[in-house]
Amino acid sequence: MIATEDAIEVEAERLLRSMMHVECDPRGRKWNLETCREIAPLTLEINRLKQEKGAVILAHSYVEPEIIYGVADYRGDSYFLSLKARDSQAKMIVFAGVVFMAETAKILSPEAMVVVPDRGSGCSLADSITGEDVRKLKGLYPDATVVCYINSTAEVKAESDVCVTSGNVYHIVSNLPARRILFVPDRLMGQNLRDELKRRGVDKEIITSDGTCMVHDEFTPADIAEARVRFPGLKVVAHPECTPEVARAADFVGSTGAMMKYVKTTGAPYFLMLTECGLVGRLQVETPEKTFIGGCRLCPYMKLNSLEKVRDVLRAPRPDQVVVLDEQIRQRAARCIDRMFELSPAE
Ligand code: 13P
Ligand code: SF4
């Protein structure tokens, strides 16, 4: 069905109202009526296909703004999106994010067809460790409670006792009965966890594996020091996948959802966001009165998502775009994620 000129115009105006403040566009585009008109036929088609297929689109905050504001039903961090996947009644879930997030959706919503726009959307953390590696580590530390960051494969979750996200890691690990914790796969988050538990006076031994996020491990304390000199009154906001040196030098450390909340509720002349640039795009839309400084770091995996691929996967998913999990692994991984829901702090 071809959209009429009028429908395209109304859609372009809707898109522009959302996206006109986006300056951190990954492809350097400026959103004006003309560029919004170019994508309007696609967003109209995707929104129509969603209805036709009984589909819902979940989008992580790092994907491109035209997906987040043009077609997504829910947008947010890993924890929020896993709750939405768990509670979804949709026949089909399109996950615009990375593959481990879509796997998590399938673990929690096994009846739904869960699809990814691009099967290549991995994650340097999730790809750093296998289920077999975790089994070996468990052999070395048989008394440890195994905690996996949600940025891990279904196989790794199946080998773990409890899953955590960047938003609940400190709370959940503090409250586990075991003293010895095997934390996989993020070495830097594990080090930040060690620091935070010490600060809270919680006595735990944290053993980590060796993964890092290829985006967050690049920020340095020098970036912060230099920005503080140039922008007095600056607030520095970091993700816990950053190095401990960066986390210690920041004013606030939290999940992408918590980072957004912090910016929305903090008065400051400037903000430096030490995370993937998509989050700055979201903040420019949702807090247009705030000023963000600093360059853009992109997650190449998140940026594999596009409106065209979302449309194509909705029209007719190829086998490689459909998430399929071994049922035994799914059930064991579901136990590990359910444990996270039980132990998470109330919102
Ligand atoms: P959040 O859950 O904080 O959004 O983090 C996901 C992620 O991949 C960060 O790099
Ligand atoms: Fe993985 Fe880092 Fe990309 Fe997040 S930003 S999906 S942790 S590679």
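Before reading on, note that the structure itself is shown above.
Residues numbered from 1 in each chain as written. Chains lettered and ligands numbered in written order. Predicted model: local features only at pLDDT ≥ 70, side-chain atom pairs only at ≥ 80, totals over all residues. Heavy atoms only, no water.

Looking at the pairing of strand β7 (residues 180–184)
What counts here: For each residue, the accessible area found with a 1.4 Å probe, counting protein chains only, is set against the maximum for its type, and the residue is called buried under 20%, exposed over 50%, and partly exposed in between. A run of H or I in DSSP becomes a helix once it reaches four residues, and a run of E becomes a strand once it reaches two; helices and strands are each numbered from the N terminus. By this definition, two strands are paired if DSSP reports at least two bridges between them.
Burial of β7 is extensive: four of the five residues sit out of reach of the surface. Pairing geometry for β7 and strand β8 (residues 205–208), over four bridges, is parallel. Paired with Leu182 across the strands is Ile207, a residue of β8.

Details of the site of ligand 1
So the rule is basically this: One heavy atom within 4 Å of a molecule or strand is enough for the residue carrying it to be called near that molecule or strand. In protein, a polar contact means a hydrogen-donor-capable atom and an acceptor-capable atom, both N or O and within 3.5 Å, with residues adjacent in sequence counting only if both atoms are side-chain atoms; elsewhere, any N or O pair within 3.5 Å suffices. All accessibility values rest on the Shrake-Rupley procedure with a 1.4 Å probe; residue burial counts only the protein chains present in the view.
Taken together, His60, Tyr62, Asp77, Ser78, Tyr149, Asn151, Ser166, His216, His239, Glu241, Ser255 and Thr256 make up all the residues around ligand 1. One of the side-chain nitrogen or oxygen atoms of His239 is found 2.8 Å away from an oxygen atom of ligand 1. Take Thr256: an N or O atom from its side chain is 2.5 Å from an oxygen atom of ligand 1. For ligand 1, the accessible surface in isolation is 300 Å², of which the surrounding protein chains cover 96%.

Thoughts on the pattern of salt bridges
Put simply, the test is: Here, a salt bridge means any side-chain nitrogen of Lys or Arg that lies within 4 Å of a carboxyl oxygen of Asp or Glu.
What the rule picks out here adds up to 29 salt bridges. For the salt bridge of Arg179 with Asp203, the shortest nitrogen-to-oxygen distance reads 3.1 Å. Pair noted here: Arg179 is in the loop between α8 (169–174) and β7 and Asp203 is in the loop between α9 (187–199) and β8, with a separation of 24 residues, a long-range link. The exposure class assigned to Arg179 is partly exposed, which follows from its relative accessible area of 44%. Here the salt bridges do not stand alone but share partners, grouping Glu132, Arg135, Lys138, Glu159 and Arg332 into one network.

Re the site of ligand 2
To keep things clear, this is the line we draw: Note that Gly is not counted as nonpolar here; it falls among the polar residues with everything else outside the nonpolar set of Ala, Val, Leu, Ile, Met, Phe, Trp, Tyr, Cys and Pro and the charged set of Asp, Glu, Lys and Arg.
What surrounds ligand 2 is the set Tyr62, Cys123, Ser124, Leu125, Asn151, Cys213, Val215, Glu241, Cys299 and Met302. Per-class residue counts for the shell around ligand 2 are seven nonpolar, two polar and one charged.

Some words on the packing of helix α2 (residues 33–53) against helix α14 (residues 307–315)
Our working rule: Axes here refer to lines fitted to C-alpha atoms; in helices the fit is confined to the stretch in contact. Angles between the N-to-C directions go from 0 to 180 degrees. What sets the label is the angle itself: under 35 degrees gives roughly parallel, over 145 gives roughly antiparallel, 65 to 115 gives roughly perpendicular, and the rest give oblique. We call a crossing left-handed when the near helix sits turned anticlockwise from the far one by less than a right angle, and right-handed when that turn is clockwise. In what follows, residue pairs with any heavy atoms lying within 4.5 Å of each other are defined as contacts.
The interhelical angle for the contact between α2 and α14, taken along N-to-C directions, is 30°, at an axis separation of 10 Å. Put simply, α2 runs roughly parallel to α14. Between α2 and α14 lies a crossing of left-handed hand. Only Leu307, Glu308, Val310, Arg311, Leu314 and Arg315 of α14 make contact with α2, whose side of the interface consists of Ile39, Leu42, Thr43, Glu45, Ile46, Leu49, Lys50 and Lys53.

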